[in-house]
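The primary structure of each chain is shown beneath.
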Amino acid sequence: MYYESESSIAETIERLENLGIPESNKAEMLWVYKGNIPVEDIYIEKIDENSETMDILKTLDLKSTEFKDRLFYSKDQELLKNMIDAQIRQDKKLMGMLYGYPECCVFRYSTLESPEEYNTNRLLTAIREGQRLPRFLRHYIPCPNCAGHENTPSEKLDDLLKRTLKHSSPKIYHSLIASSEDSLDCIYDAHGKLCGIITGDGIGLPSHKLESVVSDSNLMKFILSYKGSGPLTIRIKPYHA
Ligand SMILES: [Zn+2]
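Please read all numbers here as calculations on a predicted model, not as lab measurements.

Examining the sheet that holds strand β3 (residues 70-74)
As summarised here, the arrangement of the 3 strands in space is β1-β3-β2, forming an open sheet in which the pairing is antiparallel. Looking at which strands have only one partner, the edges of the open sheet turn out to be β1 (39-43) and β2 (63-67). Ignoring strand direction, the axes of neighbouring strands in this sheet form an average angle of 25°. Of the strand pairs in this sheet, β1 and β3 are connected by 5 bridges, and their pairing is antiparallel. Its bridge partner lying in β3, valine 39 is registered against serine 74. Its contacts with the sheet place helix α4 (residues 77-89) against β1, β2 and β3, and it is angled at close to 15° to β2.

Printed below as a string of structure tokens:
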């Protein structure tokens, strides 16, 4: 254990803000550092070559371990070990808990035979019914009980994460909000046909509504160029000509 002064933490957050990794990964590091989320990961290919990312994790006193194509990190060595075990055993329940997802969503997810089909269906339902999916945490999909209802565990998680981030780094918060306005999840059916999108704000929009939403935009062309990708959720970065 060593003591980090306030000013060096502020400096570290400033370095994090200027790091060349996705804004969502920066936000996740702050959520783990602040204790909102037990364990997170980042794809190793996203980590910068001069290993500034590793240095920042160390300065925030976060432990890390590489597993397959990802670097997992946590404040707690024991939780990190549990996550690697869960990854090896493909224990979805433990994984979900360690990623900080609400219990109801984890339970629902971990009892499924085909989680990927479930995720696709969840997103399709959100699109068809125009549900809001509170998912500031990008790789998390709220369970049916959480979606479209007020005051659910997933709304609370969303609020907590937003509050923490806004307080810790207004800069990362605003770039994440700004980038999520432009970036979209595209949902395809089994034939590769675009069914609709989930907006950065978590609103499901069916494809017949799309033209009016992103009309006359390069974004639309970009979405359609992904059409052949099958039943996948794809995060699209804002596209600027
Ligand atoms: Zn839930």
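Some details on the packing of helix α1 (residues 6-17) against helix α3 (residues 52-59)
Across the interface, α1 lies against α3 with an axial gap of 10 Å and an inter-helix angle of 150°. Classified by the angle between their axes, α1 and α3 sit roughly antiparallel to one another. The two elements α1 and α3 cross, and the hand of that crossing is left-handed. In contact with Thr12, Arg15 and Leu16 of α1, α3 contributes Glu52, Ile56 and Thr59. Looking at the contact of α1 with α3 residue by residue, the class counts come to 2 nonpolar, 2 polar and 2 charged.

Things to note about the environment of histidine 208
You can see histidine 208 is positioned in the loop between β6 (204-206) and α10 (210-214). What makes histidine 208 exposed here is the crowd of 9 C-beta atoms within 10 Å. Note: C-alpha distance between histidine 208 and glycine 196 (12 residues apart in sequence) is 7.8 Å.

Side note on the pairing of β2
Taken together, the 5 bridges between β2 and β3 define a ladder with antiparallel strand orientation. Bridge assignment links glutamate 66 to a residue of β3, and that residue is leucine 71. Hairpin connection of β2 to β3: 2 residues between the antiparallel strands, including lysine 68 at a positive phi of 50°.

Some details on the packing of helix α2 (residues 23-33) against helix α8 (residues 153-168)
Closest axis-to-axis distance for the α2/α8 pair is 10 Å, and the angle between their directions is 100°. Overall, the two elements α2 and α8 adopt an arrangement that is roughly perpendicular. Only Leu161, Thr164, Leu165 and Ser168 of α8 make contact with α2, whose side of the interface consists of Ala27, Leu30 and Trp31. Across the contact of α2 with α8, the residue classes break down as 5 nonpolar, 2 polar and no charged.

Basis of the calculations
- Numbering of residues starts from 1 in each chain and follows the order in which that chain's sequence is written.
- At least 70 in pLDDT is required for a residue's local features to be given in this predicted model, at least 80 for side-chain atom pairs to be given and counted, and no such filter applies to totals for whole chains, interfaces and linings, which use all residues.
- Only strands that DSSP links by at least two bridges are regarded as paired with each other.
- The helix count covers DSSP runs of H or I at least four residues long, the strand count covers runs of E at least two residues long, and both are numbered beginning at the N terminus.
- Axes here mean lines fitted to C-alpha atoms, for a helix over just the part in contact, with angles spanning 0 to 180 degrees between N-to-C directions.
- By the criterion used throughout, residues are in contact when their C-beta atoms, derived from the backbone, lie within 7 Å.
- Under this scheme an angle from 65 to 115 degrees is roughly perpendicular, one under 35 degrees roughly parallel, and one over 145 degrees roughly antiparallel; angles in between are oblique.
- Take the far helix as your reference; a near helix turned counterclockwise from it by less than a right angle gives a left-handed crossing, and one turned clockwise gives a right-handed crossing.
- Gly is put with the polar residues, along with every residue not named as nonpolar or charged; the nonpolar set is Ala, Val, Leu, Ile, Met, Phe, Trp, Tyr, Cys and Pro, and the charged set is Asp, Glu, Lys and Arg.
- Partly exposed residues are those whose C-beta has more than 12 but fewer than 20 other C-beta atoms within 10 Å; 20 or more makes a residue buried and 12 or fewer makes it exposed, with C-beta atoms placed from the backbone.

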